[in-house]
Structure formats: C-alpha cells, structure tokens
Amino acid sequence: MGIGSNRISSIGTYAMAAVRQRTEELRAKGLHPVDFGMGDPSAATPEFIRRACAEGIERHAASGYPPFAGSQPFRQAVTDWFEGRFGVSIDAETEIVSSVGSKESIFHLPEALLNPGDVAICPDPGYPPYGGGTLFAEGVPYFTPIQKATDFLPDLDSIPDEIAERAKIFWLTTPSSPSGRVASPQFLKRWVQWCRDRNIIACSDEAYSEIYFDEPPHSALEEGKEGVLVFNSLSKRSAMTGYRVGWVAGDPEVIALYRKLKANIDTGTPWFIQEAAIAAYSDESHVAEMRAGYRKRRDLFVAAFEQAGLPRSEPEASLYVWQRAPEGITSTQLSEALLDEKILAVTIPSAALVGDPDQHGPGEQFVRLSMVASWEESERIASAISQYLKLG
Ligand SMILES: Cc1ncc(COP(=O)(O)O)c(C=O)c1O
C-alpha cells in the first residue's frame, strides 16, 4: 500500500507538468524544442514594475507578515482599476481579497463552499485546478463540454436538473482557455441568472480579460455581485506569472468565507509583490503593447496552420491558438506531428486537457499552442509548420 492519501490519488498528473517533462526529454537528446505548452509569457516583466518591486523590498526592510487579505493600497489599486475598466465599483474592504495568483484561489475556493458530494460544474476541456480543487474538497466535478457544437461556451440547457440541484459552484472561463472564446454580456447575464436561480456560486475566471484582439471582454461582475465571484491576476496582463499575485472579488458573503479559509492557509502575498502589482495597475500602455505582440503572433500561427491545410482556428482573445485537427486526426497525433524534428514545437493536445474522458467521450480534437515564444522563434516555427507539417 502506498503512503499517498486518497485525495492525492484522486487527482492526475498536472497536464502542463507532463508537457514540461516531454520538452526536457527532447532536450536530453540534444534537440532544441520550443515550448508552446505553458501560458507563460517569455517577455520580460516591464522595467517599471520590476523597479517598484525592488523599491518595495527596501521599503519593507523589516519584512513583516503581510495582511492575509492583501494590503489596503493593493485592494484599492485593484478596485480603482476594475471600476475604470468595467464600470463596476467594488468595496475594497469587504468585496475583494488578494490571492497568491488565481491558481491558488481556484484550487482552494471549493474548500470554503463544498461539503463532500457537492458538485462543481467545470468546463471541459478547461483549466485543471477547477476539477482538482473540487476533488481535494471531496466534491464531485461535473464536466460540461466546451466544443464547437456548444459555441465554445457551456450549454446550460444540457446540464441535468439532478446535477444543478447538487451543484454549489459553476466555473466559467472568459476569455476561455483553451478556446479563446469570449462570453458576450448576454451570455454572462443568462449564466449568472441560471446560477442564482439554483443557489450556485457563479465563479468567473477572467485571467485573460486583458489579452483580447477585438472588443474588450466584459466581466461577470457587471451582472451584480450577488452569488458572483471574479478571479483575476497580474500574471497574463502584465507578464507577472512568477510574481504570484492576484485577487478574488464579488459577493461579500462568499469573500468573507474565502478570507477565513485563506487566513488558515497562507499569510498573504509579500508586500513588495503587492507594490509591484499596484505599479502594474497604474499603467495601460504596457498592456496595449503586449496585446499587439500577441495579435501579431496569433495572425502568424493562424496563417501557418491554414497554409499547412488545417481548418482555420482564430481565437478572439487569450494567449492560445486552439487549432482544430483535420477529420480523422487525433489531438495527440497532431501534437506529435508538431514535434517532428523539422518543427519541434511542443503543444498540448486536447486529450490532455479533458477533465473526464469517460463522461463525454474523447471530445473534439484540438491542440493548444501558447503564443509566448520570442518573435524570432515564433517566425521560425510558423514557417516550419507551413512547410513541413505532415499528417496522416
Ligand atoms: C484559465 C486560467 N485561469 C487561471 C490561471 C492562473 O494564473 P495565475 O495563477 O498565474 O494567476 C491560468 C494560468 O495559466 C489559466 O490558464
């Protein structure tokens, strides 16, 4: 008998960890693969943000524990930014709490809301911590398919009443990873109301809200705070994945529960990281510049896949091209073909992102290519894709 708990056995290997391992294996063979797996920007965090962090270290020479819920200036900076961006005012005292990046809050929130056997509705494919956090809280993930046939949004009418009655959480990702689909205000209204009617907390993961190519995406909090939580972070907006700073905002009753949970788990985001985040929220020009860079990469890769004869797959937002495989080709075959020695692009097959293959079958076949490599590498790989990608 192993020493692992039932809980740790209930979750699989983290999909991105498997991709990292694959990249390492290729490197060990002396090859030079480019990692398009993780949504981890390779661009430097802007200089003014790094400077604010360094100055924060000096200001907090005696380090001191930070407040569990985030410093008042941090919470105020986020709520000011949010009001400017979405036109919704958030009470910095009662309606927001800092996180150690959204992954932390997404994984932990179910501990504050679920009793054993309660259901969390999760998009499938989707961000793995929705399901992992649910299992750790002894809840039951119900994976709802996010496919071309559902317009890459959850099909609310397909969720059985028996599941809706047991559900306490509904995760929505908008803009979506992996599909790059943005939920319209009409969809957000319908989804929030659907959740309210069933006493389900509508949890909107808006990690990619600032990485868009058309109209700026809307936030679920535009539909009011009752029963709604929004999760966001500086990771993608300001290329700050390594800083680990984010926040959760919304319904004060649920925020109070999450604050209580967090006070028992960690001791807040370091002061100097919060100060870097405050600086980041004071500026939009670096975000606009970053968006322009992602748009160039999106156009490059969408065209490369099209030239290779694949169906056109163009994201509206996010860091990803969610490339559909041609008929008869599986996501794993497409991902493997992209590892051909003439291309060497590491991507994630949809098979690795599906929450529960037994629940809905293998689903549609895609690979996720994260647009995070340098421009030179992106151009080189895009050109190799258009020339050498061979399938079947
Ligand atoms: C959909 C989605 N949500 C949340 C996150 C978490 O980001 P972080 O923990 O860096 O804030 C990610 C990261 O890739 C993501 O893809």
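Anything mentioned here points back to the structure above.
First, a word on what this report is: a plain description of the structure on this page.

Definitions and cut-offs
- Each chain has its residues counted from 1, running along the sequence as written.
- In view of the model being predicted, local features appear only for residues whose pLDDT reaches at least 70, and side-chain atom pairs are presented and counted only at 80 or more, with totals across whole chains, interfaces and linings using the full set of residues.
- Strands were regarded as paired on the criterion that DSSP finds at least two bridges between them.
- A run of H or I in DSSP counts as a helix once it spans at least four residues, and a run of E counts as a strand once it spans at least two, with each numbered from the N terminus.
- To get an axis, a line is fitted to the C-alpha atoms, and for a helix only the part in contact is used. The angle between two axes follows their N-to-C directions and goes from 0 to 180 degrees.
- Only the C-beta atom matters for nearness: placed from the backbone, it must lie within 6 Å of the molecule or strand for the residue to count as near.
- When residues are sorted by character, Ala, Val, Leu, Ile, Met, Phe, Trp, Tyr, Cys and Pro go into the nonpolar class, Asp, Glu, Lys and Arg into the charged class, and all the rest, Gly among them, into the polar class.
- Put plainly, a residue is buried at 20 or more neighbouring C-beta atoms within 10 Å of its own, exposed at 12 or fewer, and partly exposed in between, counting only other residues' C-beta atoms, which are placed from the backbone.
- Seen with its strands pointing away from the viewer, a crossover is right-handed when the path leading from the first strand over the helix to the second is clockwise.
- For a helix, the expected span equals 1.5 Å multiplied by the number of residues minus one.

**Considering the sheet that holds strand β11 (residues 348–349)**
- Judged by pairing direction, the sheet is antiparallel, and its three strands sit side by side in the order β9-β12-β11 without closing on themselves. Edge positions in the sheet fall to β9 (320–324) and β11, since each of these pairs with one other strand and no more.
- Pairing between β11 and strand β12 (residues 366–370): two bridges, direction antiparallel. Bridge pairing links I348 to R368 in β12.

**Here's the deal with the sheet that holds strand β4 (residues 140–145)**
- Taking strand neighbours across the sheet as the criterion, the seven strands line up as β2-β8-β7-β6-β5-β3-β4 in an open arrangement whose pairing is mixed. Strand pairing shows two members of the sheet lacking a second neighbour, β2 (96–99) and β4, which therefore form its edges. Neighbouring strand axes in the sheet, compared pairwise and without regard to direction, differ in orientation by 20° on average.
- Of the strand pairs in this sheet, strand β6 (residues 201–205) and strand β7 (residues 228–233) are connected by four bridges, and their pairing is parallel.

**Observations concerning the site of the ligand**
- The immediate surroundings of the ligand are formed by 13 residues, with G101, S102, K103, S233 and S235 found nearest.
- Counted by class, the shell around the ligand contains two nonpolar, nine polar and two charged residues.

**Topic: the pairing of β6**
- Burial runs high along β6: five of the five residues are buried.
- The alternating pattern of β6 places I201, C203 and D205 on one face and A202 and S204 on the opposite face, and all of these are buried.
- Where strand β5 (residues 167–173) and β6 come together, five bridges link them in parallel fashion. In the strand pairing of β6, T173 is matched with D205.
- This β-α-β element, β5 to helix α8 (residues 185–197) to β6, shows right-handed connectivity.

**Things to note about the pairing of β2**
- Burial along β2 is two-sided: I96 and S98 and V97 and S99, pointing in opposite directions, are all buried.
- Where β2 lies against strand β8 (residues 246–250), four bridges are found, and the strand directions are antiparallel. Pairing of S99 across the sheet is with G246, part of β8.

**Remarks on helix α5 (residues 102–113)**
- Taking 1.5 Å per residue as the helical rise, α5 with its 12 residues ought to reach 16 Å, and the 17 Å between its terminal C-alpha atoms agrees with that figure.
- Summarising burial for α5: nine of the 12 residues are buried, a large majority.

**Overview of unusual backbone geometry**
- For the peptide bond that leads from T174 to P175, omega is -10°, which places it in the cis range.
- As for its position among the elements, P175 is in the loop between β5 and α8.
- Looking along the chain, the bond that leaves S177 and enters P178 is cis, with omega of 15°.
- With respect to the element layout, P178 can be found in the loop between β5 and α8.
- At R244, a position not held by glycine, the phi torsion is positive, near 60°.
- Looking at the secondary structure, you find R244 in the loop between α9 (234–237) and β8.
- Residue class for R244 comes out partly exposed when judged on the 18 C-beta atoms lying within 10 Å of it.
- In this structure, L344 takes a positive phi of about 60° despite not being glycine.
- On the secondary structure map, L344 appears in the loop between α13 (331–337) and β10 (345–346).

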